[in-house]
Amino acid sequence: PVNHVPNVQSKLSVFFTMIILFTYLFYCLNGFCDSLPRPVYDQQTIQQNKIILNDGAPEQLGAYNASPASLVREQLSGLTHSDAPSNNISIANNFGSKKFPQAIIIGVKKGGTRALLEFLRIHPDVRAVGAEPHFFDRFYDKGLEWYRNLMPRTLEGQITMEKTPSYFITKEAPRRVFSMSRHTKLIVVVRDPVTRAVSDYTQTLSKSPGLPSFQNLAFRNATTGLIDTSWSAVRIGIYAKHLENWLRFFPLSRFLFVSGERLVTDPAGEMGRVQDFLGLKRVVTDKHFYFNQTKGFPCLKKPEGSSRPRCLGKSKGRPHPQIPSEVLLRLRDFYRPFNLKFYQMTGHNFGWD
Ligand SMILES: Nc1ncnc2c1ncn2[C@@H]1O[C@H](COP(=O)(O)OS(=O)(=O)O)[C@@H](OP(=O)(O)O)[C@H]1O
């Protein structure tokens, strides 16, 4: 019996070592290893992403917009499945690596950028940040590593993406994106600038109900009908001017112009063009969409990370206020030459005139 004591002891120590190893393995698989202290900029990122969700709008987040909690999960796990069950998140946690985006939706505000990103996110080869990072306009001084850290982890063959519609009108953005990578693919969702201006105004009005009327803001002089181009809702729609700025750094072949109107009337058709441009298999097709009569927009039968059909949230597809027709006509006249120039530059007639 004396001989058995060391035997039992060694068996026990092997048993306890195994328990410790298994506990550690389980701990890591659940993603807790990754929650060790992170660099300061990562912690700041979490805070900032909470603020800059949905184009900086402190509005009700849409069904597709990542919640702050999911952003935190995203930051900690490197995943963007805002609705994915947490166990999925933790298992995939350590796979892949964070890369700079190979494609960015750079604009335009109120063009339909959220819809496009959410439609793309159902593609298995696309991984995207849920929130708008605003790196190339607001947070450039945080540095490229900060930016890369915001990205979800991707596996070989997957594309990293983000969307920040204000990049399109940011003077410094083209040079900054170029210095990250001159091969970056740039997607611009454009929409009739008049409707876009009204949509932009509607969003601001929803946050500031005391806002002056649309016509008060649109005209510098109501009698002469002089348009106020310093009003951002007007200025953003001068697409030709903003595009000129980008073409100083990127050739036209690096751009894809998506029609915001067609994204609503024929989402599958427009998604086909987008997937081709990104070099992706055409996985997102008409079978992924259904037209929701109540919402008045196409919705996804199975959005990413969910098995239930879902539309974008309340902040997308808001009813627009009635604007006097003469005001809209005047604005239409104002945009016409810029639109024609834009059609010429892109080789695509968007049919707004
Ligand atoms: N499928 C679907 N569902 C809901 N809304 C859709 C969809 N496709 C395009 N749109 C249009 O997207 C407009 C909002 O554009 P953005 O997402 O670019 O806005 S933002 O700049 O991010 O605030 C939004 O503008 P408004 O209608 O003025 O709210 C919509 O017209």
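Each value, and the rule that gives it
- Residues numbered from 1 in each chain as written.
- Predicted model: local features only at pLDDT ≥ 70, side-chain atom pairs only at ≥ 80, totals over all residues.
- Heavy atoms only, no water.
- Helix = DSSP H or I, 4+ residues; strand = E, 2+ residues; numbered from the N terminus.
- pLDDT = per-residue confidence, 0-100.
- Contact = heavy atoms within 4.5 Å.
- Near = heavy atom within 4 Å.
- Polar contact = N/O pair within 3.5 Å; in protein donor to acceptor, adjacent residues only side chain to side chain.
- Areas by Shrake-Rupley, 256 points an atom, 1.4 Å probe, with all protein chains shown as cover.
- Nonpolar A, V, L, I, M, F, W, Y, C, P; charged D, E, K, R; others polar.
- Buried < 20%, exposed > 50% of the residue type's maximum accessible area, 1.4 Å probe, protein only.
- Pairing = 2+ DSSP bridges.
- Axes fitted to C-alpha atoms, helices over the stretch in contact; angles between N-to-C directions.
- Disulfide = S-S within 2.5 Å.

In this structure, Val108 follows Gly107 across a cis peptide bond, with omega equal to -10°. One non-glycine residue, Lys110, lies in positive phi territory at about 65°. For Lys110, the position within the fold is in the loop between β2 (103-107) and α5 (113-120). Of note in this structure, His134 is not a glycine but carries a positive phi near 55°. Residue placement: His134 occurs in the loop between β3 (126-128) and α6 (144-150).

The next thing to look at is the confidence of the model for the chain. In this model, the chain carries a mean pLDDT of 83, and residues with pLDDT of at least 70 account for 77%. In this model residues 27-92 is a low-confidence stretch, pLDDT under 50, and it forms 133 contacts with partners more than four residues away in sequence or in other chains.

Once that is clear, we can look at the site of the ligand. Around the ligand sit 23 residues in total, of which Thr113, Lys163, Ser199, Gly317 and His320 are the nearest. In the environment of the ligand, an oxygen atom lies 2.7 Å from a nitrogen or oxygen atom belonging to the side chain of Lys163. Between the ligand and the protein, one listed contact pairs an oxygen atom with a backbone N or O atom of Arg318 at 3.1 Å. Coverage of the ligand by the protein chains reaches 98% of its 640 Å² of free accessible surface. The element contributing the most residues to the shell around the ligand is α5, with four residues. Of the residues assigned to the shell around the ligand, the class counts are eight nonpolar, seven polar and eight charged.

With that settled, consider the side chain of Asn339. Structurally, the position occupied by Asn339 is in helix α14 (residues 325-346). The exposure class assigned to Asn339 is buried, which follows from its relative accessible area of 3%. Ignoring sequence-local partners within four residues, the contact set of Asn339 consists of Pro193, Trp352 and Asp353.

Turning our attention to the pairing of β2. Burial analysis of β2 places five of its five residues in the buried class, the great majority of the element. Pairing geometry for β2 and strand β6 (residues 185-190), over four bridges, is parallel. Each bridged residue has a counterpart across the sheet, and for Ala103 the counterpart in β6 is Lys185.

Let us look at the packing of helix α11 (residues 239-247) against α14. For the pair α11 and α14, the least separation of the axes is 8 Å and the interaxial angle reads 35°. Residues Tyr239, Ala240, Leu243, Glu244 and Leu247 of α11 lie in contact with α14, whose contacting residues are Phe338, Lys341, Phe342, Met345 and Thr346.

Topologically, Lys316 is positioned in the loop between β11 (297-300) and α14. Note on Lys316: relative accessible area 17%, which makes it buried. The spatial distance from the C-alpha of Lys316 to the C-alpha of Lys110 is 8.7 Å, given a sequence separation of 206 residues.

Attention shifts here to the state of the cysteines. Under the defined criterion, the tally for this structure stands at one disulfide. In this model, Cys299 is linked to Cys311 through a disulfide, with the two sulfur atoms separated by 2.0 Å. Residues Cys299 and Cys311 are joined through a disulfide that is right-handed, its torsion about the S-S bond being 100°. Of this pair, Cys299 sits in strand β11 while Cys311 sits in the loop between β11 and α14, and the two are twelve residues apart along the sequence. Exposure class is identical for Cys299 and Cys311. Each is buried.

Another aspect to go through is the environment of Pro309. You can see Pro309 is positioned in the loop between β11 and α14. Taking relative accessible area as the criterion, Pro309 reaches 48% and is therefore assigned partly exposed. Counting along the chain gives 17 residues from Pro309 to Asn292, while the straight-line C-alpha distance between them is 9.9 Å. The contacts of Pro309, once residues within four sequence positions are left out, are Tyr290, Leu300, Lys301 and Pro303.

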